[in-house]
Amino acid sequence: MKKKSLLLLMSLIFVASAVVTGCGKNNNTEKESAPTTEPAKTNNAAEVKVNDEPFEITIRHTQVGEAKKFRLAMLEDVVKQTEAAVPGLKIKLDAVDSEVNRKEKLRGEMAAGKPPEVFDVFGSPDAALYAKEGLMLDLTSILNDLGIKEKFNTLAPFTYEDKIYGLPIGGSIEGYFYNKEYFEQKGLKVPTTIAELEQVAEAIKADGKIPFAQSSKDAWIPLMTTNNLWSYYAGADITYGFKTGATKWTDPNVVKAVAKHEEWVEKGYYKKGELGFEYADMRNQVITGEAIMMMDGSWANSVFRDPAQAGDMVGKIGYFNMPPVNAGDPIIVMQDANNGYGFSSAVAEDPRKLQAVTEFIKNMWTDEMQLRGLKEDGVLPAMKISLDQMKATSDDALMQDIFKAVSEIGTSFPAFDALVQAEVNTALSMGIQQVIGGEFDAAKMLENVQAAQEAANATK
Amino acid sequence: MNKALKSPLTYILFILPAFILFLGFFIYPIFTAVNNSLTSWNGISKTMTYIGLDNYVTAFNDIAFWKSVRNNVYFIFFSCLVQVPLIVIFSLLIANVKRLKGLYKTAVFMPSIMSTAVIGILWGFIYNPDFGLLNELLGVFGVEPIYWLSDKKWAMISILITNAWQWTGFYIIMVLAAILAIPKELDEAAAIDGATGFQRAVKITLPLIMPIVSVVIMLSVAGAMKAADIILVMTKGGPAGSTDVMATYMIRYAITSFRHGFGNSIAILIFVFTMIITVLYQVLIAKRTERIEY
Amino acid sequence: MRSLKKLIPHIFLMGYLLIILYPFLFVLFSSVKSNNQAIASNPFGLPSSIMFDNYVNAWVNAKISTYFFNSLYIGVVAACVSILLAAMLAFAVTRMRYKKVSAIIFQLILVGMLIPNNSLLLPIYGIMRNLNILDTRMALFLPYIANAIPFTVIILAAFMRSLPGEIEEAAVIDGLRPAGLFARIIIPLTVPAIVTVFIINFLGNWNEFLLANYFISSNELKTLPIGMVGFRDAYNTNYAQMSAGIVFSVLPVMIIYAILQEKIIEGVTAGSVKG
């Protein structure tokens, strides 16, 4: 009996693989024709005849939780306006956690060819991939009709083959949040060069505090510092060249930049054990006064302005850009607008849904909404709005610091993950943790990243 | 007599509903996965390019993949060599106490009630290097703070301990149910013959519960091979991939990198490795009577 | 001397209990603290003042009540159905006289236990889409029932196999058909195993996140684990409120388990007497 059952197991597997490989080729063609089109067509036929019949579209958003309640309120207002403008329209809101939506849910829906009509999406590299498969709605003509195409700071992350497939909801920059009160007490000044930044860090360390709060459990957090460093040492343009093979990660200047980050780790500028900390931990380090400076995206200002989250620290936090290597050099800062909304290509097949989407865009991307986002949520506008107007909108000291930082920018660049393949991002994430953990030095780590880069370049 | 238990219609009706669901949710997906694992599909594209066994070759040539396999092996060893003996000992202890039995039975099961996400948050606090319960406790004995989740040396064992904390009680309940199912007369007869509690446990109870212990071992192995949630919530495979197991390796290098075909090949490898281990276990270790088979 | 000997097991068990229950106290304490800072500054200590706001907020604002009842409904129904179906299959495979077919089926199901089917979400998503039941309760019922089948079959088959063969003989002499034998004799005798399996299945469904997250998008149909994510912003966590949510998510299972755990012994002793 025993022998038989074993045999059974084995033969099952063989049969399984044989059958699958055998019908492989047929499956191929089946997969091509099956998804997307069918359900949309039937809807279409039914709705064209009776025009004010109720119809529904779904908006997948990520405004989940307390910290995003302002964002949600704004979305709800836009939904109301849109419903009022389009007869028969009912908008269904579907809230999903941002990471879950980006990494799992939206990808699953895309694979099945059936995303919601409107969905939260990251520009690069996600939107381009979806657009390439024809799953996203080309917005170019809608934007032209509404006359807002030229009103955005940048639509590059959402552009694929000169067509626009999504709209960013806001923008951000990366720089240092710092404890202003502490700086004043100790007579520290906002640094103007990297060397000065190191002197400040040294002074803070000598005082028994942690110079930089950093949580490296998620590698993108320390990589903010690394990315800004290599953009200073090797120039912001170098990142564009990795994908084409024009530049290499092993460039001596990139090595120098990563070695600088490594040096800071070795000198104890970060808290020991930070490889195990969550994103929220580093903010708590600043809020409790344990750490003095923190590299983070400008979006973090909402935490430091909220008494429920920051407690006594509200009003005591300032912001500055990472300074250049030499005094007086132009300031180079990561600045992008990579998160926003995209639309299903199936919308194009139904004029009423297209009308609803157009109306949604018209109501969502206005100067008024952008300023409201800035005022309530501290999110920098994605649309062109003058600095003066921004300054007038929010009189908060931290926001004023951030506006000042924006005005100082000489050269800006998009975050590296928008410019390299996902596999390279994985290798870099692994690498920076290895450097922080003392497993590899900067040169060795970048060799590994370059190897991953070459492998990724070869497959395309 | 045989006739009554040989009613084909009843047989089919009894088997069919569960079996159809089983086919749909287990067998069909695994076939699809085998198919996808032979492609370079990115998970979104409508076309698939067949690339033969390239994905498997890639995995086999990747040091990081073998590191993740090694962590799965640690998982299995920890489950079988540490957890299972503890499970048996505590089950016997609970079965033999007269007082507070209900309390013990209820309490040991509590950790298995919590969702893994919650457990991750909870143990994050316990392992916290600064104010965590564990370091405070060790500090009493003069031990320097240990960076449990951020030190490569400690991260894996920390996860194993948490995982054991979550699931030991769950298996205790299963073994306990088997112990309590043993007819009282057997035990009483032995007691009259003058056997001590320990002797009775080893000579009578243990052999009788071996089949369920075998099930527990099987489930532990299968669980160890599939493990992902607990690692995701505690370390996300970090620091620097040192706690990656095959399932998290799959997520890191395949799913988040848009390499769906590669991801499916890892899923198949998880399945095949699990099967090899269980078959080996059944053939080599389990005694005839303990085998879980027909 | 004798009393000391009796005490030793209790000492070990109490030590084990302490390890197990302390984290629960942590959750309970955290749930009545005011905010993250109060928890972070004194994570394992008693709260300085007790606040029930977190519970009220969790229940009312975060719609825990809706999610709670969805989870309860889906969890209980799916667990019951999977036990019924699995018990039928286990009965047919272990007690009916078709050994060869039964061996194949059972072996297949054993293999199924090893399939990492959570890693194979996409094909299952495809099935749901083809059946056109995405975003309905059915989209959770079906996979929850199916997922529990291999485990349930293995456990129930193990118990049913251990039942003495004379039972059938007696029953058949009494004129019972297979279905009657199953319903009147086998099921009652398997109650302890069924209770165990029910708890485990219910628990699995109660905590299930991945599928619920994929297959359900309407707010009114979401389950508790998805609702718990509602507490968690992508970048920030409100631990105090989260703890209150945890208490809501753990309490009903605790109660169900505390009630059913007695049944495990009762059922067993009753069964062995009759057998």
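Residues numbered from 1 in each chain as written. Chains lettered and ligands numbered in written order. Predicted model: local features only at pLDDT ≥ 70, side-chain atom pairs only at ≥ 80, totals over all residues.

(A) Region of the structure containing the overall build of chain C. The number of helices and strands found in chain C is 12 helices and 0 strands. Secondary structure elements in chain C, listed N-terminal to C-terminal, are α-α-α-α-α-α-α-α-α-α-α-α. Burial status across chain C gives 51% buried among its 275 residues. Sequence-distant contacts in chain C: of pairs separated by 6 or more residues, those separated by 24 or more amount to 80%. (Helix = DSSP H or I, 4+ residues; strand = E, 2+ residues; numbered from the N terminus. Buried ≥ 20, exposed ≤ 12 C-beta atoms within 10 Å, placed from the backbone. Contact = placed C-beta atoms within 7 Å.)

(B) Looking closely at the overall build of chain B. If you tally the helices and strands in chain B, you get 12 helices and 0 strands. For chain B, the sequential pattern of α-helices and β-strands runs α-α-α-α-α-α-α-α-α-α-α-α. A principal-axis box enclosing the C-alpha atoms of chain B has dimensions of 70 × 70 × 30 Å. Burial status across chain B gives 54% buried among its 294 residues. Across chain B, contacts joining residues at least 24 apart in sequence account for 69% of those joining residues at least 6 apart.

(C) Here's a closer look at the UniProt feature "transmembrane region" (unreviewed entry) in chain C. All names here are of chain C. When the UniProt feature table is mapped onto this chain numbering, "transmembrane region" (unreviewed entry) sits at residues 7-29, 72-93, 105-128, 140-160, 181-203 and 239-260. For residues 7-29, the end-to-end C-alpha separation is 31 Å, with 100% helix and 0% strand making up the annotated structure. Helix makes up 100% of residues 72-93 and strand 0%, whereas the separation of the span's terminal C-alpha atoms amounts to 31 Å. (UniProt positions renumbered as here; feature names shortened; annotations may be inferred.)

(D) Structural view of helix H12 (residues 252-266) of chain A. Residue and element names in this part refer to chain A. Under the 1.5 Å per step criterion, the end-to-end length of H12 is 20 Å for 15 residues, consistent within 8% with the ideal 21 Å. On its buried face, H12 sits against helix H10 (220-233), helix H11 (238-241), helix H20 (422-436) and helix H21 (442-459). Just past H12, the residue Gly268 takes up positive phi, approximately 80°. (Expected span 1.5 Å × (residues − 1).)

(E) The arrangement of the interface of chain C and chain B in detail. With 76 residues of chain C at the contact, the number on the chain B side is 71 residues. Elements supplying a minimum of two residues to the side of chain C that touches chain B: helix H1 (2-31), helix H4 (64-95), helix H5 (99-112), helix H6 (121-131), helix H7 (138-162), helix H8 (166-173), helix H9 (178-207) and helix H12 (239-274) of chain C. In terms of residue count, H12 of chain C provides more of the side of chain C that touches chain B than any other element does, 13 residues in total. Taken together, the residues of the side of chain C that touches chain B break down into 58 nonpolar, 12 polar and 6 charged. (Nonpolar A, V, L, I, M, F, W, Y, C, P; charged D, E, K, R; others polar.)

(F) Quick peek at the UniProt feature "domain: ABC transmembrane type-1" (unreviewed entry) in chain B. What UniProt calls "domain: ABC transmembrane type-1" (unreviewed entry) maps, in this numbering, to residues 69-281 of chain B. End-to-end, the C-alpha atoms of residues 69-281 of chain B are 18 Å apart, and along that stretch the chain is 78% helix and 0% strand.

(G) Up close: the environment of Pro9 of chain C. You can see Pro9 of chain C is positioned in helix H1. By the C-beta count within 10 Å, which is 21 here, Pro9 of chain C ends up buried. Residues Pro9 of chain C and Glu208 of chain C lie 199 residues apart in sequence; the distance between their C-alpha atoms is 35 Å. When neighbours within four sequence positions are excluded, Pro9 of chain C is seen to be in contact with Leu93, Asn96 and Val97 of chain B.

(H) Here's a closer look at the environment of Tyr11 of chain B. Note that Tyr11 of chain B resides in helix H1 (residues 8-37). Contact partners of Tyr11 of chain B, with chain neighbours within four places excluded, come to Ala92, Met96 and Tyr98 of chain C.

(I) Broad picture of the nonpolar core. By size, the foremost hydrophobic cluster in this structure holds 218 residues, and its most contacted members are Ala18, Val175 and Ile266 of chain B together with Ala86, Leu89, Ala90 and Leu156 of chain C. The element that contributes the greatest number of residues to this core is helix H7 (residues 152-181) of chain B, accounting for 17 residues. Leaving out residues up to four positions away in the same chain, Leu156 of chain C has contacts with Ala86, Ala87, Ala90, Thr190, Ala193 and Val197 of chain C. (Core = buried A, V, L, I, M, F, W, Y, C linked by C-beta atoms within 7 Å.)

(J) A look at the sheet that holds strand E3 (residues 118-122) of chain A. Residues and elements named next belong to chain A. What the 5 strands build is an open sheet, ordered E2-E1-E3-E12-E6; its pairing is mixed. Of all strands in the sheet, those bounded by a partner on one side alone are strand E2 (89-95) and strand E6 (166-168). Neighbour to neighbour, the strand axes of the sheet diverge by 30° on average, direction disregarded. The pairing of E3 with strand E12 (residues 339-343) spans 5 bridges and is classified as antiparallel. (Pairing = 2+ DSSP bridges. Axes fitted to C-alpha atoms, helices over the stretch in contact; angles between N-to-C directions.)

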